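A closer look at the structure
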Amino acid sequence: MDEEFQQQFAKMEMDGSVHDRSVNDLRKALEVQRANLDMISQTNPGVVEQYERRKNEIEALTKILEDREKDTRRVEREIKNARDRWQPALEQLVASIGKKFSAAFDRIGCAGEIRISPHDDYDKWAIDILVKFRDNEKLQLLTGQRQSGGERSLTTILYLMSLTEEARTPFSLVDEINQGMDQRAERAVHNSLVEVTCKPDSAQYFLITPKLLPDLDYHERMKVLCVNNGEWLPETPGLGHMNRMIENFVQLNRDRVSRDRSFRAG
């Protein structure tokens, strides 16, 4: 008899329960257990081997799972430490840009705001630009469908201007950004652009446009370049010289003003 059977039999002797069953009853119970054991062995002789194999597999997989959970916790700590270093600086930078962006919109009687749009996937982090162009509206996300082309152009140039003081690029270039704007917005944007980009510490800023409104603000640090293009260009030397044409135009205006004053004086 194995040790477990001996312990059970000793217990039955001590509590007297062994005397409650006859020898025949015990033999019948023994035969039943033997029959059950034989049936299990005949059904699947390798059940113990299979059990041991599965047990080893479970232990191995449990070890792998524990190691991976440990690695996951380590990586999560590293991510959190890295995020704690760069996120405050990012938030401070966006807040500084957003302050200038909102102030630029206030100057033209509209409202604008920029926000960080976080995501569990760091590749999907974004900057949300929210704008409002009418008093009866709420701030709405800038999209390619919700706002008009002029409103998108206006938002783009004001956002670029807000970036100018924070950027470290040698120059910026925008092409026909004033197209589609109404005259009030175009004038406000141009004058703000002059104010921001003509500071001594500002980088170069190129604005390419086929037209400009009259009586805009200009600065001595600005340079206007007019490009003539077409099927015909003058062959006579000096003809079509833009600076000379401007000088002649200015001189003609001065002469006209002088004649008008002389006429009124006479």
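The numbering scheme is per chain: residues are counted from 1 as the chain's sequence reads. pLDDT decides what is reported in this predicted model: residues at 70 or higher carry local features, side-chain atom pairs at 80 or more are listed and counted, and totals for whole chains, interfaces and linings draw on all residues regardless. Computation of side-chain values: all heavy atoms of the structure, hydrogens and water removed.

Attention now moves to the confidence of the model for the protein. Predicted coordinates in areas of low pLDDT are best not read in detail. Here the protein averages 81 in pLDDT, and 84% of its residues register 70 or above. The least confident element of the protein, judged by mean pLDDT, is helix H1 (residues 3-15) at 66; the most confident is strand E2 (residues 126-132) at 93. Scored between 0 and 100, pLDDT is the confidence that the predictor attaches to each residue. Only DSSP runs of H or I reaching four residues or more are called helices, and only runs of E reaching two or more are called strands; each is numbered from the N terminus.

Before going further, it helps to spend a moment on the side chain of Glu151. Mapped onto the elements, Glu151 comes out in helix H4 (residues 149-164). Exposed residues in this analysis have more than 50% of their type's maximum accessible area, buried residues have under 20%, and partly exposed residues fall in between, with area computed by a 1.4 Å probe over protein chains only. Among the residues examined, Glu151 registers a relative accessible area of 13% and is labelled buried. Side-chain polar atoms of Glu151 contact the backbone nitrogen of Ser148, separated by 3.0 Å. Residue contacts follow a heavy-atom distance rule, with two residues in contact if any of their heavy atoms lie within 4.5 Å. When near neighbours in sequence (up to four residues on either side) are disregarded, Glu151 contacts Phe133 and Arg134. As used in this structure description, the phrase polar contact means that two N or O atoms lie within 3.5 Å; if the pair is within protein, one of them must be able to donate a hydrogen and the other to accept it, and residues adjacent in sequence are counted only when both atoms belong to side chains.

A word on the packing of aromatic side chains. Two rings from Phe, Tyr or Trp (for Trp, the six-membered ring) form a pair when their centres are within 6.5 Å of each other. A pair whose planes differ by under 30 degrees is stacked, one over 60 is edge-to-face, and the rest are tilted. Summed over the entire model, instances satisfying the criterion amount to seven aromatic pairs. Ring geometry for Phe101 and Phe105: centres 4.9 Å apart, planes at 55 degrees, overall tilted. Here Phe101 and its partner Phe105 are both found in helix H3 (residues 47-107), four residues apart, which amounts to about one turn of the helix. Neither Phe101 nor Phe105 differs from the other in exposure class; each is buried. Between Phe101 and Tyr159, the aromatic rings sit 6.1 Å apart at their centres with planes inclined by 85 degrees, giving edge-to-face as the arrangement. Here Tyr159 lies in helix H4 and Phe101 lies in helix H3, a separation of 58 residues in the sequence. Residue Phe101 shares its accessibility class with Tyr159, and that shared class is buried. Here a set of aromatic residues connected by ring pairs shows up, and it is made of Phe101, Phe105, Phe133 and Tyr159.

Right, let's get into unusual backbone geometry. Of note, the phi angle at Asp215 is positive, near 60 degrees, even though the residue is not glycine. With respect to the secondary-structure elements, Asp215 resides in the loop between strand E5 (204-208) and helix H6 (242-265). For Asp215, a relative accessible area of 73% corresponds to the exposed category.

Attention now goes to the pairing of E2. A pair of strands is treated as paired once DSSP finds two or more bridges between them. Of the pairings in the sheet, the one linking strand E1 (residues 111-117) to E2 comprises seven bridges and is antiparallel in character. The residue bridging Ala111 from the neighbouring strand is Lys132, located in E2. Of the strand pairs in this sheet, E2 and strand E3 (residues 140-141) are connected by two bridges, and their pairing is antiparallel. By the bridge assignment, Leu130 is partnered in E3 with Leu141.

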